[in-house]
Amino acid sequence: MNVVVDTDIYINREKERMTEDKFQHIRDCIGDDVFEKVQKAKVLVVGAGGIGCELLKNLVLSGFKDIHIIDLDTIDLSNLNRQFLFRKHHIGMSKAKIAREAVLKYNPDVNIEAHEGDIKNQQYGHQYFQRFDLVMNALDNLSARKHVNRMCLSVGVPLVESGTAGYLGQATVILKEKTECFECLPKEAPKEFAVCTIRSNPSSPIHCIVWAKMLYGRLFDVADENNAVTDMDDNIVEGDPEKGTEVRDTKLEQAKAKGYDHWVFHKVFHTDIDRLARMKDLWTGKTPPTPLLLDDLLNNYQKNNGNNNNNNNGTITTKSIALNSQIVNSFEDNTRAFVEVIKKLKERLEKDGAKSWDKDDDLALDFVVAASNIRSHIFGIPLKSKFDIKQMAGNIVPAIATTNAIISGFIVLEAFKILSSRDQIQEKCKTTFLFKQPSNKRVIYPVSIDQPNKSCYVCSQTVVTLKIDTNTTTIGKLVNEVLKKGLAFHEPMIMKGQSMIYEGGDDLDKEELDARKMVEQKPMITFGLSDNAIIEVHDYLQDIKVSILISHCDKFEDQNKFFEVSGKPPQVQSDTTTAATTTTTDGTVQQEDIDEVEIIEYPPPSDGKLKRKEREQDDITVEEEQMQEEQDPHKRTKK
Amino acid sequence: MDTSTNHLLQQHNTGDTLSEYEAALYDRGIRVWGVDAQNRLRKAHVLFVGLTGQTAEACKNVTLSGVGRITIIDSHTVTSTDLSLLLTDQSIGQNVRSTLRAKASLESIKELNPLVSVNIVERDVSTFDDEFIKQFTVVCVDGLDFQQQSILNELCHRNSVSYLLNHSFGMRSFFFADHGHSFQYIVKKKKTTPNTNNKTTTDGKQPAAEEETEEIIEKVARFASLKEMLSSSWSKFPNRISPIIFFIHLLNQYQINNNGKMATCKDVDALVTLLEQENKKYNITPINKNTDFIKLMTRQINAEIAPVCAIVGGVLGQEIVKIISRDNDPFNNIFLYDSLTGLGTVENIL
């Protein structure tokens, strides 16, 4: 049976179309008064990626008419599985601009302003943020999230914060003095590895991957004095040249003469390994690593070529069908690949200049695959496939369309509540979690939002205690590693009493900049930043002022750390530095680059118990407990 | 009409492995659900009947995930309140008179993922037969004509084709799932075991700390038919179940009492009377809250709002991906979402 065409119905429907309000359904659902507020609201969407695309669509289809969208990123092929506003021919173009064009097709009458830029840029200061009734984060990294959190707190604009990771996601609401802020609870920091683990004593594939990325940086990126992965001309494998006790790897010179590939291979897989193998203390109870000689390996491969079909020797990571990139190549294949890729990279370096490592740069990725697997082989660590190494090296938190769609729906529902009753945000708004599988029947689970944490150094006036070695830590390291990376300041200014010790930002003249460089190189103690000193750190852009009590400490229990921050009032602090381990750290190695995808800050538990926060008691509010009982009638009897 | 479907079937790339381009395009999905699931998606054929706002969301998600084929059946003409992500001012065009929703959505779906073959079939649900339904892996329908849906559901159930019925009632929404009398699937369990095979170093290498292995458990689930779900006794319902389920039952009862006529937003009083009758029948103490709830739901019986469509269309889309990949426990058998409480639950109504 074909579709019956009934003319009367058509005419009626057309009349309906002419007279009926496009947004009649949403008016009926949220009420005319709230809908009027929706139509008048000026909103900012930070991020036009996975959540951003879905969110923009929902906002336009819900009747929002004044939307700003900002994103600094451009479109990549691997975005297209979820960022549905983008097409293949948009690859390389601005996400914010293309997203704007795409959603205008749903309603050309909407005013959308697209910015291709960094939300942390000074041009998006207080005056910019103040204009909005509501800000919505659709971001993929911690530092921008913290920045927007502080900007919104400083101007008192409500913020809807969100994140996804695979099947999991959440959305919540933040308002100054009413709810806890994004930084009221400590966020899981990116994984850090001690330099000695990376350089001398790797024990898992990630250590070798981080090392290989550093080696790439050392060889093919612009010079970085902090990158101490290897010194290409240093052939000392043992002893001290000043005492005349040194032992040298004389073959390094010969390898260098054979070409760049031989030189690098010999240096990092022979000279450096030989030096490590001679450090007897490292290998008590273990077999020291064996240095490799490229010529021996290649000759061997040549000899075996006839009877050893090595190309099919790879092992498959999963029992079923795998992608080519999921096959773990043999050590031999990795060695060959290393020689090949290093030549290509050298050519590229000479032709196009230095290039930072990027997971989507196939040559750079191939280098890390080969180099990390050879190193893994040397240290007896299992080799990995290109597919897995890409995820580990690129910090990929895989994102999918469905989770982004669901989370963007939560954001809009919270936006309705914020606009309808700004005075009752803490009472009415919720933190909503999405689970992969039902947990106690629940797949979507709302919980109450807490009040501000009184000891939060961002949204409450509180003193932060900083444990650090004041003798060895330079001001530069304090600023970059502690204040910027650790505490998410954008342009910190350090005051001690009335005197200014350090001023961040770019708007300084040359003389001031030179003076700042001098300051950066000196240890904290030089400026009186010693035990029990109190400093104030200001950030004008973020409009935040934090008092920091410095506590000198030269031994840390966790040898990967060189500082510790606690947001509690100083009197609670007790000195418990009884670390027995010797600290050999000269800092830590952090994987800095984050994928374009969304990250989740506190993944919801899958076992149905709320462990989302570190605080132990008073965590589950009365309402949550009721809800749990409502959902599980047997719970009470079990108690 | 069936010939056009067959034609597309032949045209479709039936190669057994994913191409390099597909591997790159679906990279993130593969990292989440694995390459096996991606291959299954590639071979799957999903039928969407009725591209409402919520079903359009599910359709978008399934299209982006990399499903092989999609067929659309939808005889609805676009109206002004149709706010689907697949409908743009361009796709609807100037000539409202000739704009069928299926046609207006087609280009949008194709654009979302050119690798997916999408086609429209013009055929009434009542004419579906075994041969027609067997070509689909999943059938996803939006509709409240429970008499018609029960027939379609039985057809799917009999042919072991997954059947998903969804509908959005404004601030609330639901979907029902029936994947047949014995749906086979697997559950993967990750186990970390200490690495035992090279404690003593044979080749002078250090042993790796631990090894992650995957245990695969094969499972079978039985699903109730739509008819069984709609005729289950209220006295068996779990305590605190979302009242959305009562409303769904009342709509079915209304249709039975009125010779197949479906309830509309004007039938507030009739549905409240029905609620009272059903309460008596199952010996349930009437709750005023529920009466108010039924009144509200009736007024929003066919309303759709974007955030709720995105949320339930998202959960539904993910469920379709899960069903196709046969990996992990399927939702058995109804998902209820209330945006006012914020709670989304899976209930088992038999």
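So, how was this worked out
Residues numbered from 1 in each chain as written. Chains lettered and ligands numbered in written order. Predicted model: local features only at pLDDT ≥ 70, side-chain atom pairs only at ≥ 80, totals over all residues. Heavy atoms only, no water. pLDDT = per-residue confidence, 0-100. Contact = heavy atoms within 4.5 Å. Domains from an automatic or database assignment. Buried area = accessible area lost by both parts, 1.4 Å probe. Salt bridge = Lys/Arg side-chain N within 4 Å of Asp/Glu carboxyl O. Polar contact = N/O pair within 3.5 Å; in protein donor to acceptor, adjacent residues only side chain to side chain. Nonpolar A, V, L, I, M, F, W, Y, C, P; charged D, E, K, R; others polar. Helix = DSSP H or I, 4+ residues; strand = E, 2+ residues; numbered from the N terminus. Pairing = 2+ DSSP bridges. Axes fitted to C-alpha atoms, helices over the stretch in contact; angles between N-to-C directions.

**Focus: the confidence of the model for chain A**
For chain A, per-residue confidence averages 83 on the pLDDT scale, and 82% of positions sit at 70 or higher. This model gives residues 308–314 of chain A a pLDDT under 50, and the stretch forms 7 contacts once residues within four places in sequence are excluded.

**A look at the domain arrangement of chain A**
All names here are of chain A. Domains assigned within chain A are domain 1 (30–186 + 398–448), domain 2 (193–394) and domain 3 (463–567). Across the boundary between the two partners, domain 1 contributes 10 residues, which contact 11 residues of domain 3. Summed over both sides, the interface between domain 1 and domain 3 buries roughly 890 Å², with carbon and sulfur atoms accounting for 53% of that surface. If you sort the residues of domain 1 by the area they bury against domain 3, Gln122, His147 and Arg150 come out on top, with a joint share of 54%. The interface formed by domain 1 and domain 3 holds 0 salt bridges in total. Here domain 1 and domain 3 share 7 residue pairs in polar contact (both at pLDDT 80 or more) between them. Residue composition of the side of domain 1 that touches domain 3, grouped by class: 1 nonpolar, 5 polar and 4 charged.

**Some remarks on the pattern of salt bridges**
Opposite charge on two side chains allows them to pair when their charged atoms are near. All chains considered together, the criterion is met by 49 salt bridges over all chains. Across the salt bridge formed by lysine 441 of chain A and glutamate 347 of chain B, the nearest N and O atoms sit 3.0 Å from each other. Separated into two different chains, lysine 441 of chain A in the loop between strand E12 (430–439) and strand E13 (442–448) and glutamate 347 of chain B in strand E10 (residues 343–347) make up a pair that spans both. Shared partners join several salt bridges into a network, and the residues in it are Asp21, Arg27, Asp32 and Glu36 of chain A.

**Regarding the sheet that holds strand E17 (residues 534–539) of chain A**
For sheets, the rule is that strands pair by backbone hydrogen bonds, running either parallel or antiparallel. Residues and elements named next belong to chain A. Taken in spatial order, the 6 strands line up as E16-E15-E17-E18-E14-E19 in an open sheet, and their pairing is mixed. Bordering the open sheet on either side are strand E16 (499–503) and strand E19 (563–566), each of which pairs with just one other strand. For this sheet the average axis-to-axis angle between neighbouring strands, irrespective of direction, equals 25°. Bridge analysis of strand E14 (residues 463–468) against strand E18 (residues 544–552) gives 6 bridges, and the strand direction is parallel. Paired with lysine 467 across the strands is serine 551, a residue of E18.

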